[in-house]
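Structural overview for review
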Amino acid sequence: MKFTRPRDLAAVAIVGGLLAHLLLRLTYDSLPALPLLAGSTLFVIAVVETVFAFSLRARIQRRRGARPVQPLTAARAVVLAKASSVLGALMFGAWTGLLIFVLPVRDSFPAASNDLVAAVVGMIAAVSLTAAALWLEHCCRTPDESSGTD
């Protein structure tokens, strides 16, 4: 299994942004305003994954008497990390598509100013999730595995 490449995540983000922007161009005037913290659930997932990554890293490196990691647990953690990084990239693209759409129309639609803040919160949360997922994936490497191989 290969580790996640940044170019793959960038491609997912671009596709997500384009699709979100297109969808908003077609339906924005009929959508309700977004809650300010609409994207904050991604941040909660990022915090959980970060804590899990540090715990798993200590177990893999066998620090402080930590019990060893079962191979299936490490494989599940890598799958979770890969899925979360793709989700974070996709949502970053979607929130960026929203931001690009609402910036020029914030004077035309009353909800656009509110959606601008929601888009920024969502983008920050999506970047946090992607970073946490990449950190979790990195923490699943074995100690003897070199960091430069893909």
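Thresholds applied
- Residues numbered from 1 in each chain as written.
- Predicted model: local features only at pLDDT ≥ 70, side-chain atom pairs only at ≥ 80, totals over all residues.
- Heavy atoms only, no water.
- Salt bridge = Lys/Arg side-chain N within 4 Å of Asp/Glu carboxyl O.
- Buried < 20%, exposed > 50% of the residue type's maximum accessible area, 1.4 Å probe, protein only.
- UniProt positions renumbered as here; feature names shortened; annotations may be inferred.
- Helix = DSSP H or I, 4+ residues; strand = E, 2+ residues; numbered from the N terminus.
- Core = buried A, V, L, I, M, F, W, Y, C linked by side-chain atoms within 4.5 Å.
- Contact = heavy atoms within 4.5 Å.
- Disulfide = S-S within 2.5 Å.
- Polar contact = N/O pair within 3.5 Å; in protein donor to acceptor, adjacent residues only side chain to side chain.

With that settled, consider the pattern of salt bridges. Summed over the entire model, instances satisfying the criterion amount to one salt bridge. Between Arg-5 and Asp-8 there is a salt bridge, with the nearest N and O atoms lying 3.2 Å from each other. In this structure Arg-5 comes out as partly exposed when scored by relative accessible area, which is 32%.

This paragraph deals with the UniProt feature "transmembrane region" (unreviewed entry) in the protein. Mapped onto this numbering, the UniProt entry annotates "transmembrane region" (unreviewed entry) at residues 35-56, 77-104 and 116-136. The span residues 116-136 is 100% helical and 0% strand by assignment, and the distance between its end C-alpha atoms comes to 30 Å.

Turning next to the nonpolar core. Core analysis: the biggest nonpolar cluster contains 18 residues, and Tyr-28, Leu-42, Trp-95, Leu-98, Phe-101 and Val-102 have the highest contact counts within it. Every element with two or more residues in this core is listed here: helix H2 (40-60), helix H3 (71-105) and helix H4 (110-139). When residues of this core are assigned to their parent elements, the largest contribution, eight residues, is made by H4. For Leu-98, the residues in contact, after removing those within four places along its chain, are Leu-24, Tyr-28, Leu-34, Asp-115 and Ala-119. Leu-56, Ile-60, Val-69 and Cys-140 belong to the second-largest nonpolar core, a separate cluster that totals 11 residues.

Inspection of the secondary structure puts Arg-76 in helix H3. Placed 64 residues apart in sequence, Arg-76 and Cys-140 show a C-alpha to C-alpha distance of 9.9 Å.

Considering all chains together, one arrives at zero disulfides under this definition. Cysteine Cys-139 shares no disulfide, and the gap to the nearest cysteine sulfur, in Cys-140, comes to 7.0 Å. Owing to a relative accessible area of 3%, Cys-139 belongs among the buried residues under this scheme. Judged by relative accessible area, Cys-140 falls into the buried class, the value being 12%.

We now examine the side chain of Ser-84. By the element assignment, Ser-84 lies in helix H3. Side chain to side chain, Ser-84 and Glu-49 meet in a polar contact 2.4 Å long. Apart from residues lying up to four places away in sequence, Ser-84 is in contact with Glu-49, Leu-129 and Ala-133.

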